[in-house]
Amino acid sequence: MNFDEELKKRRDLADAVLERYLPAEDAVPGKLAEAMNYSIRSGGKRIRPILMMESYRMFGGRKTVVEPFMAAIEMIHTHSLVHDDLPAVDNDELRRGRKTTHAVFGEAIGILAGDALLNYAYETALQAFRQTEDAQLVVEALEILARETGLYGMLGGQSVDVENDKNGTCALSKETLDYIYLHKTGALLEAPLMIGAVLAGAGKDETESMREIGRRIGLAFQIQDDILDVTSTAEELGKPVGSDTKNDKTTYVTLQGVDGAQRTVRKLTDAAVKLLDSIPGEKEFLREFLIRMASRSN
Ligand code: GRG
């Protein structure tokens with residue numbers, strides 16, 4: 001397998017699927033649609049739709065029902081980035097190598113574009129009902145999408161992060177840090193692996209294994225984010241670096257040092273891959289993708 005070629009094929013597919021579900025800009029409210037599309041089209045790695053498609057295929061899925069969900073998860077992810085960059089949150093002007101949404105469209109449209117992407121994600125995912133005779137699988141996938149991205153998932157994790165930020169000087173415990181990472185980042189990597197499995201008709205145990213893989217890889221992914229914040233450059237990352245140090249944040253690098261944090265990333269990735277290896281199905285690309293996700297340089 002030529003991994004880079006295979007990755008490009010999958011990224012192109014994710015982009016093509018997204019394009020099909022983006023809102024039209026030529027009707028009122030065109031400005032809002034433009035801001036939503038600007039945020040989505042700014043060239044993210046498309047990790048979440050790729051994970052979903054790979055999990056779907058691994059469990060034998062061959063239909064289009066997964067596509068509305070692939071678009072929906074990238075919309076939710078993009079909503080989180082748009083809101084994360086706002087002046088009231090991280091106040092960043094650079095994302096994915098381009099000006100952030102609020103920097104281009106103003107703060108009010110930036111807030112609305114984030115809200116609208118979140119809402120549009122569900123409008124999009126609901127279209128899956130038209131592409132299947134097995135409505136129950138779509139209901140289960142919607143439940144996962146809503147739960148993993150909401151109060152008990154991504155948003156809950158982000159809220160604990162924000163709350164602790166405001167506390168300022170006091171270092172976080174590893175337990176609190178893990179809660180934050182497993183929810184604000186990990187939940188959005190668990191969700192696509194689980195949704196792909198569910199839509200392909202995988203059993204409960206297999207879906208739970210996919211959750212566990214997402215959990216391990218999600219934690220590794222966020223720890224790598226901590227590492228890159230101190231070892232990378234804004235050019236390479238496409239977003240500012242050094243912000244954790246500037247904001248005096250507790251991270252895996254402050255708890256374990258760069259070497260220790262790298263060792264933890266490797267340990268978590270190995271555990272995720274080991275679990276993947278124990279599940280039957282075609283997964284050559286997914287296996288390599290998980291390994292490279294955790295050791296990513298941007
Ligand atoms: C309004 C306070 C407030 C926050 C809303 C929910 C939310 C914003 C943020 C969730 C937390 C968050 C943004 C976590 C970041 C996770 C992370 C490492 C994202 C980067 O993902 P990549 O590398 O990005 O896949 P690309 O750009 O490639 O898609």
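Just so it is clear, the model here is predicted, and its values are computed rather than measured.

Caption draft 1: Inspection of the site of the ligand at higher detail. Around the ligand sit 21 residues, and of these Lys 45, Arg 48, His 77, Arg 96 and Gln 158 come closest. Between Lys 45 and the ligand, the recorded distance is 2.6 Å, taken from a side-chain N or O atom to an oxygen atom. Separating an oxygen atom of the ligand from a side-chain N or O atom of Arg 96 is a distance of 2.7 Å. For the ligand, the accessible surface in isolation is 750 Å², of which the surrounding protein chains cover 86%. Counting only elements with at least two residues in the shell around the ligand, the list comes to helix 3 (47-58), helix 4 (66-84), helix 8 (154-167), helix 9 (174-199) and helix 10 (204-231). No other element matches helix 4, which puts 5 residues into the shell around the ligand. Of the residues belonging to the shell around the ligand, the class tally is 7 nonpolar, 7 polar and 7 charged.

Caption draft 2: Summary view of the side chain of Asp 229. Along the polypeptide, Asp 229 turns up in helix 10. The buried charged residue Asp 229 lacks any salt bridge, with Lys 239 as its nearest oppositely charged partner at 6.3 Å. Among the polar contacts listed, one links the side chain of Asp 229 to the backbone nitrogen of Asp 244, at a separation of 2.8 Å. The contacts of Asp 229, once residues within four sequence positions are left out, are Pro 240, Val 241, Gly 242, Ser 243, Asp 244 and Thr 245.

Caption draft 3: Spotlight on the pattern of salt bridges. The final tally for this structure, using the stated rule, is 28 salt bridges. The salt bridge involving Arg 46 is made with Asp 15; its shortest N-O contact spans 2.7 Å. Of the two residues, Arg 46 sits in the loop between helix 2 (30-40) and helix 3 while Asp 15 sits in helix 1 (residues 3-21), which places them 31 residues apart along the sequence. A residue is classified by how much of its surface remains accessible, and Asp 15, at 31% relative accessible area, is partly exposed. The shortest N-O distance in the salt bridge between Lys 174 and Asp 178 comes to 3.0 Å. Separated by 4 residues within a single helix, Lys 174 and Asp 178 lie in helix 9, roughly one turn from each other. Lys 174 gets classed as partly exposed once you look at its relative accessible area, which sits at 40%. Accessibility expressed as a relative area gives 15% for Asp 178, which makes it buried. Here the residues in one salt-bridge network are Glu 6, Lys 9, Arg 10, Glu 54 and Arg 57, joined through shared partners.

Caption draft 4: Spotlight on empty space enclosed by the protein. This structure, assessed with the given rule, holds 2 cavities of 30 Å³ or more. The computed volume of the largest cavity comes to approximately 110 Å³. Lining the largest cavity are 13 residues, and of these Ser 39, Val 82, Asp 85, Arg 95 and Thr 101 lie nearest its centre. Partitioned by chemical class, the residues of the lining of the largest cavity number 3 nonpolar, 6 polar and 4 charged. As for the second largest cavity, its lining consists of Arg 10, Leu 13, Ala 14, Pro 49, Ile 50, Met 53, Glu 54 and Met 70. Those elements that place two or more of their residues in the lining of the second largest cavity are helix 1 and helix 3. With 4 residues, helix 3 is the single largest residue contributor to the lining of the second largest cavity. A breakdown of the residues in the lining of the second largest cavity according to their chemical character gives 6 nonpolar, no polar and 2 charged.

Caption draft 5: Representation of a nonpolar patch on the surface in the model. A cluster of nonpolar side chains, contributed by Leu 126, Phe 129 and Val 139, occupies part of the molecular surface with about 220 Å² of accessible area. Note that Val 139 resides in helix 7 (residues 135-149).

Caption draft 6: Layout of helix 14 (residues 284-294). Within the sequence span of helix 14, burial applies to Phe 285, Leu 286, Phe 289, Leu 290, Met 293 and Ala 294. All buried residues of helix 14 project into a common sector of 150° when viewed along the axis, lining one side. For helix 14, the elements touching its buried residues are helix 1, helix 3, helix 9, helix 10 and helix 13 (252-277).

About the criteria used
Residues numbered from 1 in each chain as written. Predicted model: local features only at pLDDT ≥ 70, side-chain atom pairs only at ≥ 80, totals over all residues. Heavy atoms only, no water. Near = heavy atom within 4 Å. Polar contact = N/O pair within 3.5 Å; in protein donor to acceptor, adjacent residues only side chain to side chain. Areas by Shrake-Rupley, 256 points an atom, 1.4 Å probe, with all protein chains shown as cover. Helix = DSSP H or I, 4+ residues; strand = E, 2+ residues; numbered from the N terminus. Nonpolar A, V, L, I, M, F, W, Y, C, P; charged D, E, K, R; others polar. Buried < 20%, exposed > 50% of the residue type's maximum accessible area, 1.4 Å probe, protein only. Lys, Arg positive; Asp, Glu negative; His and termini not counted. Salt bridge = Lys/Arg side-chain N within 4 Å of Asp/Glu carboxyl O. Contact = heavy atoms within 4.5 Å. 1 Å grid on protein atoms, 1.4 Å probe; cavity = no way out; pocket = protein on both sides within 12 Å on 5 of 7 lines; lining within 4 Å. Points joined across faces, edges and corners; volume = space filled by probe spheres on them. Patch = residues over 30% accessible without salt bridge, like charges linked within 9 Å, V, L, I, M, F, W, Y side chains within 5 Å. Arc of directions from axis to C-beta.

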